[in-house]
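Here is what each chain is made of, one letter per residue.
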Number of protein chains: 2
Amino acid sequence: MEEVDHLDFERKTAEFDVDAMKIVWAGSQHAFDVNDRMARLVASDPAFRKDERPMLGRKDLFKNTLRKAAHAWKRIVELRLSEEEASRVRFFVDEPAYTDLHWGMFIPAIKGQGTEEQQKKWLSLAYRMQIIGCYAQTELGHGSNVQGLETTATYDPKTEEFLIHSPTLTSSKWWPGGLGKVSTHAVVYARLITDGQDHGIHGFIVQLRSLEDHSPLPGITVGDIGMKFGNGAYNTMDNGVLRFDHVRIPRNQMLMRLSQVTRDGKYMQSEVPKQLVYGTMVFVRQTIVADASNYLSRAVCIAVRYSAVRRQFGSHAGGPETQVLDYRTQQSRLFPLLASAYAFRFVGEWLKWLYTDVTQRLQANDFSTLAEAHACTAGLKSLTTTVTADGIEECRKLCGGHGYLCSSGLPELFAVYVPSCTYEGDNTVLFLQVARFLMKTISQLTSGIKPVGTAAYMGRLEQLMKSTCDACSAEDWLKPSVVLGAFEARSARMAATCAQQISTSPSPEDGFTELSSALAEAAVAHCQLIVVSKFIDKLQQDIPGAGVKHQLNNLCFVYALSLLHKHSGDFLSTGCITPKQAMLANEQLRSLYAQLRPNALALVDAFNYTDHFLNSALGLYDGNVYPTLYEQAWRDPLNESVVPEGYVEYIRPLLKQQLRISRL
Amino acid sequence: MEEVDHLDFERKTAEFDVDAMKIVWAGSQHAFDVNDRMARLVASDPAFRKDERPMLGRKDLFKNTLRKAAHAWKRIVELRLSEEEASRVRFFVDEPAYTDLHWGMFIPAIKGQGTEEQQKKWLSLAYRMQIIGCYAQTELGHGSNVQGLETTATYDPKTEEFLIHSPTLTSSKWWPGGLGKVSTHAVVYARLITDGQDHGIHGFIVQLRSLEDHSPLPGITVGDIGMKFGNGAYNTMDNGVLRFDHVRIPRNQMLMRLSQVTRDGKYMQSEVPKQLVYGTMVFVRQTIVADASNYLSRAVCIAVRYSAVRRQFGSHAGGPETQVLDYRTQQSRLFPLLASAYAFRFVGEWLKWLYTDVTQRLQANDFSTLAEAHACTAGLKSLTTTVTADGIEECRKLCGGHGYLCSSGLPELFAVYVPSCTYEGDNTVLFLQVARFLMKTISQLTSGIKPVGTAAYMGRLEQLMKSTCDACSAEDWLKPSVVLGAFEARSARMAATCAQQISTSPSPEDGFTELSSALAEAAVAHCQLIVVSKFIDKLQQDIPGAGVKHQLNNLCFVYALSLLHKHSGDFLSTGCITPKQAMLANEQLRSLYAQLRPNALALVDAFNYTDHFLNSALGLYDGNVYPTLYEQAWRDPLNESVVPEGYVEYIRPLLKQQLRISRL
Ligand SMILES: Cc1cc2nc3c(=O)[nH]c(=O)nc-3n(C[C@H](O)[C@H](O)[C@H](O)COP(=O)(O)OP(=O)(O)OC[C@H]3O[C@@H](n4cnc5c(N)ncnc54)[C@H](O)[C@@H]3O)c2cc1C
Ligand SMILES: Cc1cc2nc3c(=O)[nH]c(=O)nc-3n(C[C@H](O)[C@H](O)[C@H](O)COP(=O)(O)OP(=O)(O)OC[C@H]3O[C@@H](n4cnc5c(N)ncnc54)[C@H](O)[C@@H]3O)c2cc1C
Ligand SMILES: [Ca+2]
């Protein structure tokens, strides 16, 4: 490798302190240090190479993941890494694996739904990985509608056991990660039946495989559900299928924190408030929002760096051609995504705070903010994952033909990311939940119930219905109050229009159904407002580093004004802004792009991603794109021989017009 | 396989003659018959199985494609299929292969740019596949900017040969399909140099491999460029890299129809008009538009069928749950794509006519419509491929979790399709060409030059700048004149605004650059208008079959009004419609969705796709989704053993806490 930095000239044009920005991106000096150390630890260990992943067949790919997961655990134990460090190691290993579900779903489910006794027993095994667990909720026939799950858990008071059973084909568990080939245990969600009565869906800890030889226990059929989108990508994970034939488990393996079944089969609610479940949801979805900014920033980092290297057209008098990053169309597609990556970072940070806040309130039996917090996290999960999935693909397209090669890193990034739009709640289903919350909020205004938190602005509904936008010049669109006012009015009016139309329909339920598409749009508007307002809040903080705050300010307004342009139909149809004001906003946006341009490369350097983590010939820190692409090409298995396998059977006879006589 | 049609109840609700619609979709009774016969021929031949494609490693995958291509050719020869039938066979085999480039690019390039003598010699070899050719234009460093290609072809009058040479790493040919492992010949584009003078880019026929043993000829380095997006997908193609080290070819292998090099090295233009090249472009892009409707309709067919099978929520009193196709959000995402598939079909049909028209005019030395035809095909290529790529992914998301499985067919469909947005002209670059044409059209209005064809409406610019929309009720939005009027006004005003802003900038070129993002949007508006107006034209034709025209009418307005909603910012900011009219259009759109609902399944049946062609467990004609998904899962290589490879090394030691002592 040569030592030249081909992007040095671009780095020099930055107008801010990149090192200071790195701290802002990481969240704190401490977070930066841990990230930086763990990223290097992983990058420098050849055991974690991943550039050959797209070429491996399923079995080799999977075995390779098992190896890496074991190696990571070995290193974590050897180096006595803290929980935080360990989770960063898994992050930088950057490969979906059964461990994600073990740490991310199995353990939290037991923590959230297990009694203290259950936690003591199972968590101590799980923390040391003496058992490996997964989360088995979804079935072949039911995903979004959890209440429709068909697996049964029938209590037998004679033996004090539950019989876990799959009564139909569609009741087969289907999708759980880590289930197909690895997990020894699962939290299984099943319909609890005692004494012939159906008590709905509950969680049970079920052992699936022998701890001695890994063979499935009697009555259990388990396997992998097959290939998923993309090469490498999520195929490192053993998403599984699972069927039960009257499998018996002891009574104390029902997760009994919220409700219990007594020895003699009585079903009882516990004193612990049911709402606790929502706390867990807030937690999981908050991590998904944080992940959105991780993924989007990776894609943007690759696209920005390559756009600075790539030159096409515009050579004057034999000079170099124009960097494609200089084209305004490239900027207007790429810079809003760069801004979104930062925006999602900050809203994710804020969600962490929200989770702490909700948890403290729940402990004090204060449920007053729960509905709002739940709607807000559901909506932000949907918004950020939708934008990120589309954004990764846009970044790939922005890299032209070379973005289509696996060596660009972008195809795998897309394929591994897109299921975020589906799991932990299908995005459309979640937006409709947000809409339901908004309609409820509006209907309660008349009873004097004041909306809180991110919905507080709805308390000013009357005023927002008639407010007018003050922007008279392009510069006015850099005022936080002007931008916030427009976003609040838009969201409030879209929701209010829906509420009004629902109120004129035969029944609220019919009205909601009929208008659900408009309602989903209102939910999007509400969520975009949240992101904009949290970005603006962030700018109120003290942010050290020369020029750092100025860049963040530009990014914030790029985020807001590019949304305003994209959704100008919303703003105009509700009369929140005038066509003239829309034009001024656009003018301001163009000027912001120009200001961003010299800082673009440094703004992606601030993510502090290693070349190992990015895994992209186009996104290399030093911009040494072409020699790297060229070298990587030759590693394809097809290049092992100059004349391809199959030449003698399928090409030569064709060229020689001898196909008729050959057997194919 | 059971014989029950699980979707029979859905088929019964159709309000039109599906068989008649099949003819409309195919274009004619003849086209339907050929398609139907060839689809069955391929589907019934086990040699063309493709369901295991996603699981194959690169080498097996590629060898498998060589086998299929040879087998297809064998059948074509054996059955003495016509050219039309043969091309349909290749279509239904449905796997990118070197043959695509041989028939689709190599042969047309020689036809378009070769002299009669050259055509006689090379085409007769190519038609019988005694040679296999590819199209080698793009280089590592240059794609969009063809004029920047670096490969040189230097004439040596002493030997009457050209020396083909790759002077830099970035001059390596990179991307040509069929090049990596198969092609014996290539049309190579290179910078022609005679007597030290650079005459720009020209095409040359170059032999790459020995016809005896397939080894690369002296001076030629050639290989595959590696894995691309997705499993299966485009990895069946050997996109290649190629370097020349002073390779000599005879003088008569320069394609000399448009310009020549004489024996003694003089460069001369021929009498044949250069514009002929644009004719070929119109042809190729027309086939891409037709392909867009093929791909989009496949994805929509899968998503509609699965949405009719899939039920989630809304069970009343133990009855069946709601088909997800009944959810308005599902409809408002899916039905516009269904309508787009039909819209692209008809605009593609019209483009075929346009190509014939342009060809006849060129033969008569009439170049008057060429610029318009060129802009129109460039724009429609971009519009339809963008919508189709996004639409396939949207269909995948509409299938929830199961859409993420390869067995749904959708991941591969997406991965194989997306490069259409990049090859044959990057979509953004092409939209900017359309914008340039629009700006020129407007600037020429003052000189009295009347725009023709799809740009004719620009001749009414003054009137369109002040026209008002007449819609006073939701029903008014079903009037072709109202819809067309709104789309024409929107497109004209967006273009005129750009033209006006450009005229106030320091130079037209600066203005164009600065505004290029708005210009690209104006180009999109212009192209959407073309599609809408060609759909409306189609409805003016005599269309037989009970209820058929009524359905097409609904689809046409779903297409137009869903666009109007999506781009309402354009319509409102230019004052083409009022907020109230936007609301009425939306109301009409909802009503159209309701009318479409009972016909949705039959409208995708009309595509007449076989289960083999769709290759999707979710899109099966009979709706037998769940047993098929279940069966296919077990075929994954990971399920060959119950306990996975790697258990002993990487899982057991971890569970047993013995990792420390093991070597990973
Ligand atoms: C990669 C991956 C990993 C996963 N890991 C796990 C795991 O570890 N454990 C586990 O238990 N599960 C897992 N899942 C399953 C996942 O949670 C479900 O796929 C998800 O909940 C979506 O449900 P579904 O597939 O039933 O979608 P569906 O509900 O069938 O969605 C299909 C369509 O119907 C629409 N729709 C459904 N209901 C409504 C409604 N009420 N209103 C309007 N529209 C509606 C949706 O918007 C969507 O367009 C995983 C899935 C994937 C893809
Ligand atoms: C699957 C596949 C098959 C292919 N097959 C062949 C083949 O058989 N033969 C062959 O010769 N080639 C082939 N190609 C190459 C293909 O034609 C090029 O990739 C394509 O022309 C795009 O060019 P590029 O890659 O240079 O993109 P670039 O031009 O590098 O595009 C990068 C970015 O720059 C932007 N950009 C570039 N110029 C401008 C401008 N002037 N104004 C504004 N923005 C600009 C683009 O919009 C894009 O966002 C194939 C490519 C693929 C992916
Ligand atoms: Ca992860």
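Residues numbered from 1 in each chain as written. Chains lettered and ligands numbered in written order. Predicted model: local features only at pLDDT ≥ 70, side-chain atom pairs only at ≥ 80, totals over all residues. Heavy atoms only, no water.

**Q** Just to check I follow, could you spell out the site of ligand 2 for this structure?
**A** Surrounding ligand 2, one finds 31 residues, the nearest of these being Arg-310 and Gln-330 of chain A together with Thr-138, Ser-144 and Asp-426 of chain B. One of the side-chain nitrogen or oxygen atoms of Ser-144 of chain B is found 2.5 Å away from an oxygen atom of ligand 2. Breaking the shell around ligand 2 down by element, the ones donating at least two residues are helix H9 (328-363) and helix H10 (370-398) of chain A together with helix H12 (427-445) of chain B. Of the residues assigned to the shell around ligand 2, the class counts are 14 nonpolar, 13 polar and 4 charged. (Near = heavy atom within 4 Å. Polar contact = N/O pair within 3.5 Å; in protein donor to acceptor, adjacent residues only side chain to side chain. Helix = DSSP H or I, 4+ residues; strand = E, 2+ residues; numbered from the N terminus. Nonpolar A, V, L, I, M, F, W, Y, C, P; charged D, E, K, R; others polar.)

**Q** Explain the site of ligand 1 to me, please; I cannot follow it from the model alone.
**A** What surrounds ligand 1 is a group of 31 residues, the closest being Thr-138, Ser-144 and Asp-426 of chain A together with Arg-310 and Gln-330 of chain B. More than a single chain frames ligand 1: its nearby residues are located in chains A and B. At 2.8 Å, a backbone N or O of Tyr-135 of chain A approaches a nitrogen atom of ligand 1. Coverage of ligand 1 by the protein amounts to 93% of the 970 Å² it exposes when considered alone. Contributions of two or more residues to the shell around ligand 1 are made by helix H12 (427-445) of chain A together with helix H9 (328-363) and helix H10 (370-398) of chain B. (Areas by Shrake-Rupley, 256 points an atom, 1.4 Å probe, with all protein chains shown as cover.)

**Q** Teacher, can you tell me more about the sheet that holds strand S8 (residues 240-244) of chain A here?
**A** In a beta sheet, neighbouring strands are held together by backbone hydrogen bonds and run either parallel or antiparallel to one another. Residue and element names in this part refer to chain A. The sheet built from 3 strands is open, its strands ordered S4-S8-S7 with antiparallel pairing. The sheet is open, and its two borders are formed by strand S4 (173-174) and strand S7 (220-224), each paired with just one other strand. Bridge count between S7 and S8: 5 bridges; the pairing is antiparallel. Opposite Ile-220, over in S8, you have Phe-244 as the bridge partner. (Pairing = 2+ DSSP bridges.)

**Q** Would you mind showing me how to read the sheet that holds strand S8 (residues 240-244) of chain B here?
**A** Residue and element names in this part refer to chain B. Pairing is antiparallel across the open sheet formed by 3 strands, whose spatial order is S4-S8-S7. The two strands at the open ends of the sheet, each matched to only one other strand, are strand S4 (173-174) and strand S7 (220-224). Both S4 and S8 contribute to a ladder of 2 bridges, which runs antiparallel. For Lys-173, the partnering residue across the bridge sits in S8 and is Leu-242.

**Q** Explain the relation of the copies chain B and chain A to me, please; I cannot follow it from the model alone.
**A** Copies of the same chain, two in number, are related to each other by a rotation about an axis and a translation along it. Aligned on chain A, chain B shows an RMSD of 0.0 Å; the corresponding rotation is 180° and the shift along the axis is 0.0 Å. Expressed as a symmetry operation, the mapping of one chain copy onto the other fits a two-fold axis. (Least-squares fit on C-alpha atoms with pLDDT ≥ 70 in both.)

**Q** Would you take a moment to explain the UniProt feature "domain: Acyl-CoA oxidase C-alpha1" (unreviewed entry) in chain A for this structure?
**A** Residues annotated by UniProt as "domain: Acyl-CoA oxidase C-alpha1" (unreviewed entry) correspond here to residues 278-439 of chain A. The span residues 278-439 of chain A shows a helical share of 73% and a strand share of 0%, and its end C-alpha atoms are spaced 20 Å apart. (UniProt positions renumbered as here; feature names shortened; annotations may be inferred.)

**Q** Can you walk me through the side chain of Glu-412 of chain B in this structure?
**A** Relative to the elements of secondary structure, Glu-412 of chain B occurs in helix H11 (residues 410-417). Each residue touching Glu-412 of chain B, except ones within four places of it in the same chain, is listed here: Arg-53, Pro-54, Asn-231, Gly-232, Ala-233 and Asn-615 of chain B. (Contact = heavy atoms within 4.5 Å.)

**Q** In this structure, what is going on with the pattern of salt bridges? I would like to understand it.
**A** Side chains that carry opposite charge are capable of pairing whenever their charged atoms lie near each other. The tally for this structure, following the rule as stated, stands at 88 salt bridges over all chains. With its nearest N and O atoms 3.6 Å apart, the salt bridge here joins Lys-59 of chain B to Glu-645 of chain A. Taken together, the residues Lys-59 of chain B in helix H4 (residues 58-78) and Glu-645 of chain A in the loop between helix H22 (625-633) and helix H23 (647-655) connect one chain to another. Linked through salt bridges whose partners overlap, the residues forming this network are Asp-5, Arg-11, Arg-305 and Asp-605 of chain A. (Salt bridge = Lys/Arg side-chain N within 4 Å of Asp/Glu carboxyl O.)

**Q** Could you clarify how one ought to interpret the packing of helix H6 (residues 98-113) of chain B against helix H7 (residues 116-127) of chain B in this entry?
**A** A pair of packed helices can be characterised by two numbers: the angle between their axes and the separation between those axes. All names here are of chain B. Remark: H6 packs on H7, axes separated minimally by 9 Å, with the N-to-C direction vectors making an angle of 165°. For the element pair H6 / H7, the angle class is roughly antiparallel. Where H6 crosses over H7, the two elements pack in a sense that is left-handed. For the pair H6 and H7, the contacting residues are His-102, Trp-103, Phe-106, Ile-107, Ile-110, Lys-111 and Gln-113 in the first and Gln-118, Gln-119, Trp-122, Leu-123, Ala-126 and Tyr-127 in the second. The residue makeup of the contact of H6 with H7, split by class, is 8 nonpolar, 4 polar and 1 charged. (Axes fitted to C-alpha atoms, helices over the stretch in contact; angles between N-to-C directions. Parallel < 35°, antiparallel > 145°, perpendicular 65-115°, else oblique. Left-handed = near helix turned anticlockwise from the far one by under 90°.)

**Q** Help me understand the packing of aromatic side chains, please; the structure alone is not making it clear to me.
**A** Aromatic ring pairs: the centre-centre distance and the angle between the two ring planes describe each pair. The tally for this structure, following the rule as stated, stands at 58 aromatic pairs over all chains. Here Phe-229 of chain A and Phe-229 of chain B contribute two aromatic rings whose centre-to-centre distance is 6.2 Å and whose plane-to-plane angle is 20°, an arrangement assigned as stacked. With Phe-229 of chain A in the loop between S7 and S8 and Phe-229 of chain B in the loop between S7 and S8, this pair bridges two chains. There is no split in this pair, since Phe-229 of chain A and Phe-229 of chain B are both buried. Above the face of the Tyr-621 of chain B ring, Arg-11 of chain B is positioned so that its terminal group lies 3.5 Å from the ring centre. When the ring centre of Tyr-295 of chain B is taken as origin, the NZ or CZ atom of Arg-298 of chain B, which lies over that ring, is 5.9 Å away. (Phe/Tyr/Trp six-rings, centres within 6.5 Å; stacked < 30°, edge-to-face > 60°. Buried < 20%, exposed > 50% of the residue type's maximum accessible area, 1.4 Å probe, protein only. Lys NZ or Arg CZ within 6 Å of the ring centre and 35° of its normal.)

**Q** Even after reading the chapter, I still don't get helix H2 (residues 18-26) of chain A, so can you show me in this structure?
**A** Because an α-helix completes one turn every 3.6 residues, residues spaced three or four positions apart along the sequence face the same direction. For H2 of chain A, every residue scored as buried is listed here: Ala-20, Met-21, Lys-22, Val-24, Trp-25 and Ala-26 of chain A. The secondary structure elements touched by the buried residues of H2 of chain A are helix H3 (29-43), helix H8 (276-309), H9, helix H16 (516-540), helix H17 (548-566) and helix H20 (600-605) of chain A.

**Q** What exactly am I supposed to notice about the pairing of strand S3 (residues 161-165) of chain B here?
**A** Two faces belong to every sheet, and in a regular strand the side chains alternate between them. Residue and element names in this part refer to chain B. With 4 of 5 residues buried, S3 is to be regarded as a mostly interior element. Pairing analysis gives 4 bridges linking S3 to strand S9 (residues 247-250), with the strands arranged antiparallel. Bridge pairing in S9 places Ile-164 opposite Val-247.

**Q** Explain helix H3 (residues 29-43) of chain B to me, please; I cannot follow it from the model alone.
**A** Residue and element names in this part refer to chain B. With 15 residues, H3 should cover 21 Å at 1.5 Å per step; its first-to-last C-alpha distance of 21 Å lies within 8% of that length. Listing the buried residues of H3 in full gives Ala-31, Phe-32, Val-34, Asn-35, Asp-36, Met-38, Ala-39 and Val-42. Tucked into the core, H3 has its buried residues touching helix H2 (18-26), helix H5 (83-93) and helix H21 (611-614). (Expected span 1.5 Å × (residues − 1).)

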